[in-house]
Amino acid sequence: RFLLWCAVVLAAAYAVGVPLFLLSDDEALPEGADAVVVLAGPDNLLPAGQTLVGGGIAPTLVVSATRSGRGDRRVSLCRSEPEGVECVYPGPFSTTGEAQAISALAEARDWDTVVLVTPDYERLVAERVFRRCGDFRVAEHGVDQPWWRDVIGIPLEWVNFAIAETVRRGC
């Protein structure tokens, strides 16, 4: 009985989660954004953010990094400190922690618009958290992930969504 119940709940999570988290319409990215923000996550997010900055979406690339050395590309980029790149090291390493760090940076730099680079399945929650934390316009750029990351990410994103909408409603 328990396994059957788990299978039904998981099937429902995917039935609603795939359209909610993966099939949302891509909005046009704003011209003249102030920064492209690469959130923590898979390795393919950083090149996607660099491509957006190179394409003229924004002059500044903001990279969410850890001091622990995870994410070698991010660490080496942040250590080299190239012009036009800002690295943030959020206190609590979570979407909320990233939103707080980016909000402080945006306020200090007087930014009006940021573009978030995140996996497709994380776009909804990230956008909601950033809108609560910052006084700036938020646009999202979802990056496709391998199928197995989507399979793992959708149920986890339901948990993140529930927490963001109930327990952690503030910033």
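Everything below is about the structure printed above this text.
This report concerns the structure included in the present document. Bear in mind the structure is a predicted one, so any value in this text is a computation, not a measurement.

### Side note on the sheet that holds strand E4 (residues 113-119)
By way of backbone hydrogen bonds, the strands of a sheet pair with one another, either parallel or antiparallel. Overall, parallel pairing links the five strands, which are arranged E3-E2-E1-E4-E5 in an open sheet. Of all the strands in the sheet, just strand E3 (85-88) and strand E5 (137-143) have a single pairing partner and so form its edges. Here the average twist between neighbouring strands, direction ignored, is 25 degrees. Across four bridges, strand E2 (residues 60-64) lies against E3 in parallel orientation. Among the inter-strand pairings, Val62 is bridged to a residue of E3, identified as Glu86. Contacting strand E1 (35-38), E2 and E3, helix H4 (residues 95-109) runs over the sheet at an angle of about 135 degrees to E3.

### Notes on H4
For H4, spanning 15 residues, the distance from its first C-alpha to its last is 21 Å, which sits close to the expected 21 Å at 1.5 Å a residue. Looking at the buried positions of H4, the neighbouring elements they touch are E1, E2, E3 and helix H5 (123-133). Positive backbone phi, approximately 60 degrees, marks Asp110, located one or two places after H4.

### Describing the packing of H4 against H5
Where H4 contacts H5, the axes come no closer than 9 Å and their chain directions differ by 40 degrees. When the axes of H4 and H5 are compared, the pair comes out oblique. The interaxial crossing formed by H4 with H5 has right-handed handedness. Of H5, the residues touching H4 (which contributes Thr95, Thr96, Glu98, Ala99, Ile102 and Ser103) are Ala126, Val129, Phe130 and Cys133. Split by residue class, the contact of H4 with H5 holds six nonpolar, three polar and one charged.

### What about the state of the cysteines?
Applying the stated criterion to the full structure yields one disulfide. Across the disulfide, Cys78 is cross-linked to Cys87 (sulfur-sulfur distance 1.9 Å). Measuring handedness by torsion sign, the sulfur bridge of Cys78 and Cys87 sits at about -95 degrees and is left-handed. Relative accessible area serves as the criterion here: at 8%, Cys78 is assigned to the buried category. A relative accessible area of 23% means that Cys87 is categorised as partly exposed.

Reading the values: rules and limits
Residues numbered from 1 in each chain as written. Predicted model: local features only at pLDDT ≥ 70, side-chain atom pairs only at ≥ 80, totals over all residues. Heavy atoms only, no water. Pairing = 2+ DSSP bridges. Helix = DSSP H or I, 4+ residues; strand = E, 2+ residues; numbered from the N terminus. Axes fitted to C-alpha atoms, helices over the stretch in contact; angles between N-to-C directions. Contact = heavy atoms within 4.5 Å. Expected span 1.5 Å × (residues − 1). Parallel < 35°, antiparallel > 145°, perpendicular 65-115°, else oblique. Left-handed = near helix turned anticlockwise from the far one by under 90°. Nonpolar A, V, L, I, M, F, W, Y, C, P; charged D, E, K, R; others polar. Disulfide = S-S within 2.5 Å. Buried < 20%, exposed > 50% of the residue type's maximum accessible area, 1.4 Å probe, protein only.

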